[in-house]
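Summary of structural features
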Amino acid sequence: MIRVQREDFDIGAEIEALSGGNNEVGAVASFVGITRADAGEGAPITAMTLEHYPAMTEKQLAAIEAEACERWNLTASLIVHRHGRLEPGDRIVLVVTAASHRRAALDACAFLIDWLKTKAPFWKREETAEGPRWVAARAADDQAAERWRDAS
Amino acid sequence: MTLLYFAWVREQIGCDAEEIALPSDVRTVAALLDWLRSRGGGYASALKDLSVIRVAVNQEFAAPDHAVGDGDEIALFPPVTGGAPS
């Protein structure tokens, strides 16, 4: 399941809704991304705004999630990505994967967050004391996503 | 054709969306970028370094040789920076 929303999310409630009452689930892995004050180079950020391309976000996230579900035979998965203005300490993204065994849940969760960073059409604009700046993409993120291409 | 612009590409071009009639000799993503750049102003400055421009045709990432046509939705934007901080 994919949700892109402005509002915050409740991690416990999301995990419970995804896996509660399903006796096939033996492992749940989660990843929570949080806004950091030192997210960029230079002046510390006071806030940031996440812009996205809604139609493409939906299409890309659904494709990435379907791939993970098939590859790791997940029982269930959830991606919640926020957009709009966020301050340091605010949650940005939640990825939850549920499977019979821990390895599938953990690997699928790592795969999803790596691909989110390189394929989901989101852009971060940071606000700092020195003025606003757009965050540049990092080659390290591309490499993190690439490592899943050949890994089984 | 609908053109959509995001992030600093949007800021430099000065609008977030526009409808254009495509010249008949513009048939690929690369040709579209060249043609847009030739309009000068914000287009020329936003598109001066194509290594930091990504293109989606109908919500899918597209390479420079990807075909473009009149009914398409084409989005131009910088490399994506979503997800969590690294």
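Above: the structure in question.
Quick summary incoming for the structure in this document. Everything quoted here is computed from the prediction, not taken from an experiment. (Residues numbered from 1 in each chain as written. Chains lettered and ligands numbered in written order. Predicted model: local features only at pLDDT ≥ 70, side-chain atom pairs only at ≥ 80, totals over all residues. Heavy atoms only, no water.)

Overview of the overall build of chain B
Rules: Secondary structure is summarised from DSSP: a helix means a run of H or I of at least four residues, a strand means a run of E of at least two, and numbering begins at the N terminus for each. Atoms counted for the radius of gyration: C-alpha only. Globule rule: 2.2 Å times residue count to the power 0.38. Residue burial is assigned from relative accessible area. The probe radius is 1.4 Å, only protein chains are included, and a residue is buried under 20% of its type maximum, exposed over 50%, and partly exposed in between. Between two residues, a contact is recorded if the distance between any of their heavy atoms is within 4.5 Å. Here, Shrake-Rupley sampling with a 1.4 Å probe gives the accessible areas, and only protein chains in the shown set may cover a residue.
The secondary structure content of chain B amounts to three helices and five strands. For chain B, the C-alpha radius of gyration of 13 Å lies close to 12 Å, the compact-globule estimate for 86 residues. Taken along its principal axes, the extent of the C-alpha atoms in chain B is 45 × 25 × 20 Å. Counting only residues that meet the buried cut, chain B has 45% of its 86 residues in that class. Pairs at least 24 apart in sequence give 52% of the contacts found in chain B among residues at least 6 apart. Of the roughly 3,800 Å² of accessible surface on chain B, a fraction of 50% belongs to carbon and sulfur atoms.

Quick look at the interface of chain A and chain B
Test applied: By convention, the term buried area covers the 1.4 Å-probe accessible surface removed from two parts as they join, with the contributions of both added. By definition, a salt bridge exists where a carboxyl oxygen of Asp or Glu is found within 4 Å of a side-chain nitrogen of Lys or Arg. Distance and chemistry together define a polar contact, namely a pair of N or O atoms within 3.5 Å, with one atom able to donate a hydrogen and the other to accept it when in protein, and with adjacent residues in sequence counting only for side-chain atoms on both sides.
The partner chain B presents 23 residues to the 30 residues of chain A that form the contact. In total, chain A and chain B occlude about 2,300 Å² of area from one another, counting both sides; carbon and sulfur atoms represent 57% of this. On inspection of chain A and its partner chain B, the count reaches three salt bridges. For the pair chain A and chain B, the number of links is nine residue pairs in polar contact (both at pLDDT 80 or more).

A look at the packing of helix α2 (residues 54-72) of chain A against helix α3 (residues 102-119) of chain A
A pair of packed helices is characterised by two quantities: the angle between their axes and the separation of those axes. Residues and elements named next belong to chain A. Condition: A fitted line through C-alpha atoms represents every axis, and for helices the fit uses only the stretch in contact; the resulting angles, taken between N-to-C directions, go from 0 to 180 degrees. Here the angle decides the label: under 35 degrees means roughly parallel, over 145 means roughly antiparallel, 65 to 115 means roughly perpendicular, and every other value means oblique. By definition, any crossing whose near helix is turned counterclockwise from its far helix by less than a right angle is left-handed, and any crossing with a clockwise turn is right-handed. For this classification, the nonpolar set comprises Ala, Val, Leu, Ile, Met, Phe, Trp, Tyr, Cys and Pro, the charged set comprises Asp, Glu, Lys and Arg, and every other residue, Gly included, is treated as polar.
Packing of α2 against α3 brings their axes to within 10 Å, and their N-to-C directions diverge by 155°. Regarding the angle of α2 to α3, the classification is roughly antiparallel. Judged by the twist between their axes, the crossing of α2 over α3 is right-handed. Contacts between α2 and α3 involve Q60, L61, I64, E65, E67, A68, R71 and W72 from the first element and A104, D107, A108, F111, L112, W115, L116 and K119 from the second. Within the contact of α2 with α3, the residues separate by chemical class into 10 nonpolar, one polar and five charged.

A look at helix α2 (residues 29-37) of chain B
Residue and element names in this part refer to chain B. Selection criterion: Arc, as used here, means the arc of the directions from the helix axis to the C-beta atoms.
Inspection of α2 places V29, L32, L33 and L36 among the buried residues, and these make up the whole buried set. Seen along its axis, α2 keeps its buried residues to an arc of 100°; they face one direction. For α2, the elements touching its buried residues are β1 (2-5), α3 (41-46), β3 (54-57) and β5 (73-77).

Some remarks on the pattern of salt bridges
Residue and element names in this part refer to chain A. In total, this model carries 13 salt bridges over all chains according to the counting rule given. Linking E67 and R71 is a salt bridge whose minimum nitrogen-to-oxygen distance equals 4.0 Å. Linking E67 with R71, this pair stays in helix α2, spanning four residues, or about one helical turn. Residue classification places R71 among the partly exposed residues on the basis of a relative accessible area of 31%. Connected through salt bridges with shared partners, the residues D8, R82 and R91 form a single ionic network.

Section: the sheet that holds strand β8 (residues 131-134) of chain A
Residues and elements named next belong to chain A. The cut-off we apply is this: Two strands pair if DSSP finds at least two bridges between them.
Spatially, four strands are ordered β5-β3-β7-β8 in an open sheet, and the strand pairing comes out antiparallel. Of all the strands in the sheet, just β5 (84-86) and β8 have a single pairing partner and so form its edges. The sheet shows a mean angle of 25° between the axes of neighbouring strands, direction not considered. Here seven bridges tie strand β3 (residues 45-52) to strand β7 (residues 122-128), and the two strands are oriented antiparallel to one another. Of the residues in β7, the one forming a bridge with A47 is E127.

Considerations on the packing of aromatic side chains
Put simply, the test is: When the centres of two rings from Phe, Tyr and Trp lie within 6.5 Å, Trp using its six-membered ring, the rings pair. Their planes under 30 degrees apart give stacked, over 60 give edge-to-face, and anything left gives tilted. Consider the ring centre and the ring normal. A charge sits over the ring if Lys NZ or Arg CZ is within 6 Å of that centre and within 35 degrees of that normal.
Going through the model one piece at a time under the given rule, you end up with seven aromatic pairs over all chains. Taken together, a centroid distance of 5.1 Å and an interplanar angle of 15° make the contact between W123 of chain A and F6 of chain B stacked. Of this pair, W123 of chain A sits in strand β7 while F6 of chain B sits in the loop between β1 and α1 (7-13), placing the two residues on different chains. You can call W123 of chain A buried: its relative accessible area is 2%. The buried category is assigned to F6 of chain B, whose relative accessible area is 9%. In textbook terms, an aromatic cluster arises when at least three aromatic residues are bridged by ring pairs, as seen for Y53 and W123 of chain A together with F6, F61 and F77 of chain B. Cation over ring: R91 of chain A sits above F9 of chain A, and NZ or CZ is 5.9 Å from the ring centre. Over the aromatic face of F61 of chain B sits the side chain of K119 of chain A, whose NZ or CZ is 5.5 Å from the ring centroid.

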